Amino acid sequence: MDVSSSSPTQSGAIRDQRIQPVDQTQRKAHKGVSVRRAPDEAIISEQAQLLLKLSEAVQNSKDVRDEKVNALRDQVENGRYPTSASEIARAIVASRMK
C-alpha cells in the first residue's frame, strides 16, 4: 500500500487536528438536519495489489514435500541423520566469510 504524501505540511496538518466535542447548543441548532456522509475509500497501489497476490499464492502453494520433511525430521530426532564434522566445519567457516 502506498502511504506517501506529496506535501509534508499536508500530513502534518492532518496529524495536528483535534476533535472538538459538540456542545448542547450546537446539537440543538443542528437538530433535524440530516448529514450525508461520503463512503470511506481506500486506494491500493498496483505494487501493493501485486504483493497481496504473491503473498496469497505462496500461502496457498504446496511447495513443501511433507513426506521428505517428516522423514528427515525422524532421522535427526533418532540420531540416524548422516553428518560429517568436516562438512559442518566448512559450512560454518563459509557462512562467516560471506
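What you see is a predicted model; the values in this text were computed from it and never measured. (Residues numbered from 1 in each chain as written. Predicted model: local features only at pLDDT ≥ 70, side-chain atom pairs only at ≥ 80, totals over all residues. Heavy atoms only, no water.)

Asks: So what's going on with the overall build of the chain? Which residues, and what values?
Replies: When you go through the chain residue by residue, the secondary structure sums to five helices and zero strands. In sequence order, the chain lays out its α and β elements as α-α-α-α-α. In the chain, which comprises 98 residues, the proportion classed as buried is 2%. (Helix = DSSP H or I, 4+ residues; strand = E, 2+ residues; numbered from the N terminus. Buried < 20%, exposed > 50% of the residue type's maximum accessible area, 1.4 Å probe, protein only.)

Asks: Can you tell me about the confidence of the model for the chain, naming the residues and giving the values?
Replies: Summing up the model confidence of the chain, the mean pLDDT is 76 and the portion of residues at 70 or higher is 62%. Scored below 50 in pLDDT, residues 5-13 makes two contacts in the model with residues more than four places away or belonging to other chains. (pLDDT = per-residue confidence, 0-100. Contact = heavy atoms within 4.5 Å.)

Asks: I'd like a description of the environment of alanine 71, backed by residues and values.
Replies: Along the chain, alanine 71 falls in helix α4 (residues 66-77). With ten residues separating them in the primary sequence, alanine 71 and tyrosine 81 have C-alpha atoms 9.8 Å apart.

Asks: Can you break down the pattern of salt bridges residue by residue, with the values?
Replies: Going through the model one piece at a time under the given rule, you end up with one salt bridge. A salt bridge links arginine 80 to aspartate 74; the nearest nitrogen and oxygen atoms lie 2.5 Å apart. (Salt bridge = Lys/Arg side-chain N within 4 Å of Asp/Glu carboxyl O.)

Asks: Hey, could you go over a nonpolar patch on the surface for me, with residue numbers and the actual values?
Replies: A cluster of nonpolar residues, Leu72, Val76 and Tyr81, forms a patch on the protein surface that exposes about 270 Å² of accessible area. As for its placement among the helices and strands, tyrosine 81 is situated in the loop between α4 and α5 (85-97). (Patch = residues over 30% accessible without salt bridge, like charges linked within 9 Å, V, L, I, M, F, W, Y side chains within 5 Å. Areas by Shrake-Rupley, 256 points an atom, 1.4 Å probe, with all protein chains shown as cover.)

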